[in-house]
Each structure stands twice: as structure tokens, then as C-alpha cells.
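Below are the chains, spelled out letter by letter.
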Amino acid sequence: MSFPQTRFRRLRVNATMRRMVSEIRLSVDDLVYPMFVCPGKQVKEPIEAMANCYRFSPDLAAKEATAMAELGIPAILLFGTKEKKDAIASRASAMDSAVCQAIAKIKAKCPQLLVMTDVCLCAYTDHGHCGLIMAADAKRKRKSSPFATPAVQQYEGHIDNDSTIEVLASMALAHARAGADIVAPSDMMDGRVGLIRETLDTEGYVECGIMSYSSKFASAFYGPFRDAAQSTPSFGDRRTHQIDPACGRQGLRQMEEDIVQGADIVMVKPALPYLDVIALARHHFDVPIAAYNVSGEYMMIHAAAKAGLLDYEAAMMESLLSIKRAGADIIITYFAPEAAKVLK
Ligand code: PBG
């Protein structure tokens with residue numbers, strides 16, 4: 001018998017053959033574009049750390065969102081920035097926040113575009129944490145423990161879970177009242193999905209969906225975003241609530257729990273360093289799986305292309321394809337408008 005007998009190259013012989021046998025296809029329908037909004041009028045302010053990204057006032061956000069819809073992108077994800085910050089994130093649930101105004105303006109101009117909103121307190125607290133900091137007297141009310149050595153206290157975490165989820169629920173409600181189609185909690189507090197679902201239902205917003213950032217890892221790849229949202233914590237980090245990068249199985253458990261609590265879509269974030277988690281999620285769950293191709297993943301390709309090290313468009317499309325191949329149904333990406341143009 002002469003070798004090679006099996007010739008894989010037969011299926012790669014030309015572009016038409018490759019097109020016919022391709023296992024997956026990336027489509028503009030898979031993409032969600034994240035957008036940053038800020039208070040004011042006629043504001044389009046470049047974000048230094050993130051190429052081609054801007055903070056838009058609600059009026060210009062509506063214009064930009066319409067341009068996204070015209071490219072065929074089905075959904076955008078809104079982040080609030082530059083609101084007045086305080087200890088209790090007052091502006092997060094204000095009906096006149098930039099996010100609420102932007103939702104209303106976008107839905108008025110472009111009703112078929114799905115509007116998703118990020119629900120987290122980190123851009124609204126003066127300390128930059130995703131939740132409320134436990135007051136010193138609340139800690140004192142705890143039963144004193146003979147073992148409450150400083151080493152034990154160190155593991156308690158500063159962020160108070162149960163008061164935070166109340167604020168998150170009112171923030172989600174404000175967004176739903178303004179017209180959001182889907183709210184997306186990204187804070188990683190326990191029990192927030194259930195409380196948000198209950199609050200939306202009680203208030204009559206039964207059709208507002210929840211896309212939960214269920215499997216959100218404590219990642220270094222959020223760096224550029226924190227500049228955009230001005231949400232770098234003033235002390236400490238997010239490791240008491242975001243998942244340790246070494247714990248993929250915890251990511252699966254959190255997705256399972258969020259589905260039980262009423263999440264319609266669950267997310268893995270970041271995307272490229274966690275393709276294994278996306279693949280496992282696809283295998284385990286039947287709800288749509290979203291993956292967030294985060295700011296650091298986006299800017300790495302920009303920086304490498306700028307340094308002449310790789311082909312920008314090819315690297316962008318290969319990243320997005322990999323995320324889809326791993327099993328994501330929805331890809332949230334700053335590349336969305338550029339990818340949409342390539343896919344046309
Ligand atoms: C808010 C939030 C973050 C991102 C999305 N929502 C930052 C963080 O958790 O620090 C990151 C998005 C990105 O990097 O593109 N909590």
C-alpha cells in the first residue's frame with residue numbers, strides 16, 4: 001500500500017472546496033457592540049486606552065446605534081460613564097442617567113435594535129468597586145468570634161453582597177423602565193439574577209431579559225476598559241467576587257445557578273483566554289451562550305498590528321471565529337462594526 005493514503009489536503013484544494021466544507025460561519029447576527037455613554041449633549045469623546053471607541057452623550061449615542069443597526073448588528077450593550085459618583089452609587093438607578101436617556105433615544109430612533117445594558121455599580125461608586133462597601137458598624141454587629149484574628153477578617157471581603165444586590169435590582173429596573181430589552185448584570189454578587197428577575201416581574205417588566213455575566217473571571221484583560229469607565233478600584237481588587245482564573249468549573253457552577261435563578265443568556269468573560277469554559281458551557285447548557293471579547297483582547301491586536309507584527313483584519317476575524325467555534329452563540333466585541341463590514 002502506498003502512503004499517504006489519507007489526504008486531508010483534498011478538502012483544502014481551493015477556496016470553493018474550503019467554503020463548502022467549513023464547519024461554522026461567523027455572521028453579523030452573532031455580534032453585539034459595546035458602547036459607552038456619558039451625560040451631556042453633542043459629546044463624542046475619544047477613549048484614550050481604546051482605539052476607535054468613544055463616550056457618547058445620549059443624542060449622539062442614538063446616532064451611533066443607528067449606524068450599527070444599518071450595518072446589520074442586532075444589539076448594542078450600553079455602559080454608563082462620567083456620572084456623579086458617591087458611596088452608594090446613587091446615579092446608577094436614576095431615571096435621568098445618561099444610560100436611561102440613551103436607551104429611550106435609541107429605542108425611539110431605532111426600535112428594532114436590541115438594547116442591552118450593563119448592570120454594575122463600579123462606574124457609579126466613588127471607590128470604584130462593583131458593590132457597596134460594608135460599613136464599619138455593620139461589621140461590628142456581627143457576633144464576635146474568638147477566632148476573628150486579622151488573618152480571618154482578611155477573607156471577609158469589603159463588598160457587602162446583600163445590600164449591593166438591592167441597588168443592582170433598582171438599577172436594572174430603571175433600565176427596563178427606560179426601555180432596555182435585556183439587562184446584563186456584571187457585578188458577580190451572589191443572588192443578583194434572582195432578585196433582578198423578581199423585581200422586574202413584580203413591576204410588570206416580564207419581557208425584559210437577563211443576560212448574566214455568570215462566568216466572569218478576575219482578569220488582567222479588563223485594563224483598557226477601566227480607563228474608559230474610570231472604574232479602577234481605589235483600593236483592593238475584584239478577586240473576592242470575580243472568579244479565579246484557575247477555576248473553570250466554578251464558572252460552570254455559576255452559569256448553572258444563574259440559569260436556575262432566571263438568566264435567559266449566560267456569558268463567559270473574557271473570551272479568548274477562556275475558550276475551554278465556553279466549550280464546556282456549550283456542552284452543558286441549552287441556553288444561548290454569550291462570550292465577551294474584552295478590551296484587552298481588542299487592544300492587544302491593535303497594538304500588535306500597529307507594531308507591524310500581525311495582520312489586523314486577519315487576526316480580528318480569526319479571534320471571532322475561534323470564539324464561535326468554541327461554542328458561543330453571541331459575541332460581544334469592540335470589533336463588531338469592522339467585522340460587520342468584512343462579513344458583508
Ligand atoms: C463592570 C465591567 C467590566 C467590564 C465589563 N463590565 C470591568 C471590570 O469588571 O472591571 C470589562 C469589559 C472590557 O474589558 O471590555 N464590572
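Described below are features of the structure shown in this document. Just so we're clear, the structure is a prediction, and the values are computed from it rather than from any experiment.

**Quick word on helix α12 (residues 312-326)**
Helix length check: α12, at 15 residues, gives a terminal C-alpha distance of 21 Å against a target of 21 Å (1.5 Å per residue), a fit within 8%. Buried residues of α12: Y312, A315, M316, M317, S319, L320, S322, I323, K324 and A326, and no others. Buried residues along α12 sit against α10 (275-284), β9 (289-293), α11 (295-306), β10 (330-333) and α13 (336-343). With a side-chain oxygen lying 3.1 Å from the backbone nitrogen of E313, the N-terminal cap of α12 falls on D311.

**Some details on the pairing of strand β5 (residues 114-119)**
For β5, a buried count of 5 out of 6 residues is recorded, marking the element as mostly surrounded by other parts of the structure. Sheet topology places strand β4 (residues 75-80) next to β5; 4 bridges connect them, and they run parallel. Following the sheet pairing, L77 is matched in β5 by M116. The β-α-β motif built from β4, the intervening helix α3 (residues 98-109) and the parallel element β5 has right-handed crossover chirality. Bridge analysis of β5 against strand β6 (residues 182-185) gives 4 bridges, and the strand direction is parallel. Following the sheet pairing, M116 is matched in β6 by I182.

**Observations concerning the site of the ligand**
The full set close to the ligand counts 17 residues, and K216, R226, K269, S295 and Y334 are the nearest of them. Separating an oxygen atom of the ligand from a side-chain N or O atom of Q242 is a distance of 2.9 Å. Within the side chain of K269, a nitrogen or oxygen atom sits 3.2 Å from a nitrogen atom of the ligand. Bound to the protein, the ligand loses 100% of the 400 Å² it would expose on its own. Of the pockets mapped on this structure, the ligand occupies the largest cavity. Residue composition of the shell around the ligand, grouped by class: 9 nonpolar, 3 polar and 5 charged.

**A closer look at a nonpolar patch on the surface**
On the surface, L11, M20 and V21 cluster together to form a nonpolar patch covering roughly 290 Å² of accessible area. Its place among the elements puts V21 in helix α1 (residues 15-21).

**Things to note about a positive patch on the surface**
The grouping of R7, R9, R10 and R12 at the surface amounts to a positive patch. Note on placement: R12 falls in the segment before α1.

**So, the packing of α11 against α12**
A pair of packed helices can be characterised by two numbers: the angle between their axes and the separation between those axes. Axis separation between α11 and α12 bottoms out at 9 Å; the angle between their running directions is 155°. Relative to α12, the element α11 is oriented roughly antiparallel. As α11 runs across α12, the sense of the crossing is right-handed. Counting all contacts with α11, which are made through Y298, I301, H302 and A305, the residues of α12 involved are Y312, A315, M316 and S319.

**Let's talk about empty space enclosed by the protein**
For the structure on display, the rule yields 2 cavities of 30 Å³ or more. As a volume, the largest cavity reaches approximately 240 Å³. Along its surface, the largest cavity is lined by 26 residues, and F79, D118, C122, S186 and F225 are the ones closest to its centre. When residues of the lining of the largest cavity are traced back to their parent elements, those giving at least two are β4, α6 (161-178) and α8 (223-229). Estimates place the volume of the second largest cavity at around 30 Å³.

**A few points about the environment of I106**
Structurally, the position occupied by I106 is in helix α3. Spatially, the C-alpha atoms of I106 and K269 are 26 Å apart, while their sequence positions differ by 163 residues. Those residues in contact with I106, other than ones at most four positions away along the chain, are A61, A62, A65, I76, L78, P111, L113 and V115.

**Considerations on the packing of aromatic side chains**
Between two aromatic rings, the relevant description is the distance of the centres plus the angle of the planes. Applying the stated criterion across every chain yields a total of 11 aromatic pairs. Summarising the aromatic geometry, the rings of Y298 and Y334 are spaced 5.5 Å apart at their centres and angled 50° between planes, so their arrangement reads as tilted. Remark: Y334 occurs in the loop between β10 and α13 and Y298 occurs in helix α11; sequence separation between them is 36 residues. Take Y298 and Y334: they sit in the same class, and that class is buried. Between Y298 and F335 the ring centres are 4.9 Å apart and the planes differ by 65°, which places this aromatic pair in the edge-to-face class. In this pair, Y298 is assigned in helix α11 and F335 in the loop between β10 and α13, connecting sequence segments 37 residues apart. Taken together through their ring pairs, the aromatic side chains of F36, F79, Y213, F225, Y292, Y298, Y312, Y334 and F335 make up a single cluster. If you follow K44 out to its NZ or CZ, it ends over the ring of Y54, 4.4 Å from the centre.

Thresholds, definitions, all that
- Residues numbered from 1 in each chain as written.
- Predicted model: local features only at pLDDT ≥ 70, side-chain atom pairs only at ≥ 80, totals over all residues.
- Heavy atoms only, no water.
- Helix = DSSP H or I, 4+ residues; strand = E, 2+ residues; numbered from the N terminus.
- Expected span 1.5 Å × (residues − 1).
- Buried < 20%, exposed > 50% of the residue type's maximum accessible area, 1.4 Å probe, protein only.
- Contact = heavy atoms within 4.5 Å.
- Polar contact = N/O pair within 3.5 Å; in protein donor to acceptor, adjacent residues only side chain to side chain.
- Pairing = 2+ DSSP bridges.
- Right-handed = clockwise from strand over helix to strand, strands pointing away.
- Near = heavy atom within 4 Å.
- Areas by Shrake-Rupley, 256 points an atom, 1.4 Å probe, with all protein chains shown as cover.
- 1 Å grid on protein atoms, 1.4 Å probe; cavity = no way out; pocket = protein on both sides within 12 Å on 5 of 7 lines; lining within 4 Å.
- Sits in = over half its atoms within 2 Å of the grid points.
- Nonpolar A, V, L, I, M, F, W, Y, C, P; charged D, E, K, R; others polar.
- Patch = residues over 30% accessible without salt bridge, like charges linked within 9 Å, V, L, I, M, F, W, Y side chains within 5 Å.
- Salt bridge = Lys/Arg side-chain N within 4 Å of Asp/Glu carboxyl O.
- Lys, Arg positive; Asp, Glu negative; His and termini not counted.
- Charge placed at Lys NZ, Arg CZ, Asp CG, Glu CD.
- Axes fitted to C-alpha atoms, helices over the stretch in contact; angles between N-to-C directions.
- Parallel < 35°, antiparallel > 145°, perpendicular 65-115°, else oblique.
- Left-handed = near helix turned anticlockwise from the far one by under 90°.
- Points joined across faces, edges and corners; volume = space filled by probe spheres on them.
- Phe/Tyr/Trp six-rings, centres within 6.5 Å; stacked < 30°, edge-to-face > 60°.
- Lys NZ or Arg CZ within 6 Å of the ring centre and 35° of its normal.

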